[in-house]
Amino acid sequence: EQQQATQEQEAPKEESKKPISKPLVSHIYTADPSAHVFNDRIYIYPSHDIESNTAEDDEGGHFDMKDYRILSMDSIGGEVTEHGVALDIKDVPWAKRQMWAPDAAFKDGTYYLYFPVKDKQDIFRIGVATSTKPEGPFKAEKEPIKGSYSMDPAVFKDDDGTYYMYFGGIWGGQLQRWSGDNTYNPEAKNRTPEELAVLPRIAKLDASMKAFAEAPKEIKLVDESGNIFYEKDNDKRFFEAAWVHKYKGKYYFSYSTGDTHNICYAIGDNPYGPFTYKGIVLKPVQGWTNHHSIVEFKGKWYLFYHDTELSGKTHLRNVKVTELKYNEDGTIQTIEPYQ
Ligand code: FUB
């Protein structure tokens, strides 16, 4: 079995350099920012990091979050509002521990919060909760989304009004335990370097927004020759933190490479891929994890991300934002988070 590095191990330090942007809030720790524009305002759906003193383990047990708090602002650089508890783990009947990176969507007057949390059997599932307001509070469904597993859901609305959920994360996110036909093997180990990398998943949402319209499928993430990455290609293969946005008719699938700490991206012609690897969006940040979202607001594009500037601890992060720029050919200009 491949030796798994502990997630408390920091990415290469950039201490002598200055961060390019400031934490959006400093009174609470926030991470994994999924940003959306609703009603001309930016809403950020982050994880709410806390110090729970849960012992660190190889599966990220110290990321022991217990609720969600939503942030909003009417302009980039404007005042940020934190809206209080949007959903508490005690109000999710099937949940046991670890509320990880959420996302949100809006349809027909209802806001949907999608969130990964471990169930009573310690298996990550994805739940859904609803509200009439983007900031919540949200009311959770009594069961997780049927057929859901692993973590880091990201919901993308295509121009034709179809919603797709992208999800999955390896190691502590448990995706390596699920085969391509969605069967569960609790004994499955992390892939060895010579094995093909685990692939992220997609499932179309049905009209209710609370169920999959189809069984989850693997997404082919490939190199320029069309080959799926091997686990040893860990500077390019998928680890966690999927996000999809559309730019000039192309689908951009971006994600974290986990143990090599980059946010990378790949481009495809339809929501299901294949997506061809193109490069790095964001270089490693302070802290082990790297997780982002990409959103257009008032004609400019922005990258929301996090680092550990406020705490210096991997599990106590703070969300940030910076502008994202494209080249003429549609490639993304790599962002250096420290200069
Ligand atoms: O916040 C907990 C986990 O850390 C997320 O789900 C991952 O993407 C990583 O950022």
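The coordinates are above.
Below, the structure is looked at part by part.

The rules we used
Residues numbered from 1 in each chain as written. Predicted model: local features only at pLDDT ≥ 70, side-chain atom pairs only at ≥ 80, totals over all residues. Heavy atoms only, no water. Helix = DSSP H or I, 4+ residues; strand = E, 2+ residues; numbered from the N terminus. Rg over C-alpha atoms; globule rule 2.2 N^0.38 Å. Buried < 20%, exposed > 50% of the residue type's maximum accessible area, 1.4 Å probe, protein only. Contact = heavy atoms within 4.5 Å. Areas by Shrake-Rupley, 256 points an atom, 1.4 Å probe, with all protein chains shown as cover. Near = heavy atom within 4 Å. Polar contact = N/O pair within 3.5 Å; in protein donor to acceptor, adjacent residues only side chain to side chain. Nonpolar A, V, L, I, M, F, W, Y, C, P; charged D, E, K, R; others polar. Core = buried A, V, L, I, M, F, W, Y, C linked by side-chain atoms within 4.5 Å. Salt bridge = Lys/Arg side-chain N within 4 Å of Asp/Glu carboxyl O. Pairing = 2+ DSSP bridges. Phe/Tyr/Trp six-rings, centres within 6.5 Å; stacked < 30°, edge-to-face > 60°. Lys NZ or Arg CZ within 6 Å of the ring centre and 35° of its normal.

### Regarding the overall build of the protein chain
Here's step 1: Within the protein chain one finds 0 helices and 21 strands.
Here's step 2: In summary, the protein chain has a C-alpha radius of gyration of 18 Å against a globular reference of 20 Å for 339 residues, a match within 12%.
Here's step 3: With the principal axes as the frame, the protein chain shows a C-alpha extent of 50 × 45 × 45 Å.
Here's step 4: A total of 339 residues make up the protein chain; the buried ones form 58% of that total.
Here's step 5: Counting contacts in the protein chain only where the partners sit at least 6 residues apart, residues at least 24 apart contribute 55% of the total.
Here's step 6: For the protein chain, the accessible area works out to roughly 13,700 Å², and carbon and sulfur atoms hold 45% of it.

### Things to note about the site of the ligand
Here's step 1: Near the ligand you find D32, S47, M65, W100, A101, M151, D152, E240, T289, H291, H306 and R317, and these make up its full shell.
Here's step 2: One nitrogen or oxygen atom from the side chain of H291 is found 2.7 Å from an oxygen atom belonging to the ligand.
Here's step 3: Note that an oxygen atom of the ligand is positioned 2.7 Å from one of the side-chain N or O atoms of R317.
Here's step 4: Coverage of the ligand by the protein amounts to 98% of the 280 Å² it exposes when considered alone.
Here's step 5: Taken together, the residues that form the shell around the ligand break down as 4 nonpolar, 4 polar and 4 charged.

### Here we look at the nonpolar core
Here's step 1: Ranked by size, the top nonpolar core spans 41 residues in total, and within it Y114, M165, Y166, L205, L221 and F253 carry the most contacts.
Here's step 2: Element by element, the count of residues in this core is highest for strand β11 (residues 163–167), at 5 residues.
Here's step 3: Those residues in contact with M165, other than ones at most four positions away along the chain, are Y114, I126, I145, P153, A154, V155, R201, I202, A203, L205 and F212.
Here's step 4: Counting 25 residues, the second-largest nonpolar core is a separate cluster that includes I70, A86, V92 and F138.

### A closer look at the pattern of salt bridges
Here's step 1: According to the stated counting rule, one finds 25 salt bridges in the structure shown.
Here's step 2: A salt bridge links K232 to E194; its shortest N-O distance comes to 3.0 Å. You can see K232 sitting in the loop between β14 (221–222) and β15 (240–247) and its partner E194 sitting in the loop between β11 and β12 (201–204), a full 38 residues away along the chain.
Here's step 3: Judged by relative accessible area, K232 falls into the partly exposed class, the value being 46%.
Here's step 4: Residue K320 pairs with E309 through a salt bridge whose shortest N-O separation is 2.5 Å. Remark: E309 occurs in the loop between β20 (300–307) and β21 (318–324) and K320 occurs in strand β21; sequence separation between them is 11 residues.
Here's step 5: What makes K320 buried here is its relative accessible area of 0%.
Here's step 6: Classification of E309 by relative accessible area gives partly exposed; the value is 36%.
Here's step 7: One salt-bridge network, held together by shared partners, links D32, D49 and R317.

### Some points on the sheet that holds strand β10 (residues 154–157)
The pairing of strands in a sheet happens through backbone hydrogen bonds and is either parallel or antiparallel.
Here's step 1: Read across the sheet, 4 strands follow the order β10-β11-β12-β13 without closing on themselves; strand pairing throughout is antiparallel. With partners counted over all chains shown, the strands left at the sheet margins are β10 and β13 (217–218), one partner each.
Here's step 2: Two strands pair when backbone bridges link them, and β10 and β11 are joined in this way by 4 bridges, in the antiparallel orientation. If you follow F156 over to β11, its bridge partner there is Y164.

### Structural notes on the packing of aromatic side chains
Here's step 1: Within the structure shown, the criterion is met by 31 aromatic pairs.
Here's step 2: Between F38 and Y43, the aromatic rings sit 6.2 Å apart at their centres with planes inclined by 40°, giving tilted as the arrangement.
Here's step 3: With a centroid separation of 6.4 Å and an interplanar angle of 20°, the aromatic rings of Y112 and Y114 are classed as stacked. Each member of the pair, Y112 as well as Y114, carries the same accessibility label: buried.
Here's step 4: One aromatic cluster is present, formed by F38, Y43, Y45, F106 and Y111 through successive ring pairs.
Here's step 5: The ring of Y230 has K232 lying over it, and the distance from NZ or CZ to the ring centre is 5.6 Å.
Here's step 6: It is K236 that lies over the ring of Y277; its NZ or CZ is 5.7 Å from the centre.

### Describing the side chain of S72
Here's step 1: Relative to the helices and strands, S72 is located in strand β3 (residues 67–73).
Here's step 2: A polar contact of 3.0 Å, which involves the side chain of S72, links it to the side chain of R41.
Here's step 3: Within the structure, S72 has its side chain in polar contact with the side chain of H83 (distance 2.7 Å).
Here's step 4: Not counting chain neighbours up to four residues away, the residues in contact with S72 comprise R41, I42, Y43, E79, V80, T81 and H83.

### Concerning the pairing of strand β2 (residues 41–49)
Here's step 1: Counting buried positions along β2 yields 8 of 9 residues, so the element is predominantly enclosed.
Here's step 2: In terms of strand pairing, strand β1 (residues 29–38) meets β2 through 8 bridges, oriented antiparallel. Residue pairing in the sheet places A31 in a bridge with S47 of β2.
Here's step 3: The antiparallel hairpin formed by β1 and β2 contains 2 residues in its connecting segment, where N39 sits at a positive phi of about 55°.
Here's step 4: In terms of strand pairing, β2 meets β3 through 3 bridges, oriented antiparallel. Bridged to I42 within β3 is M73.

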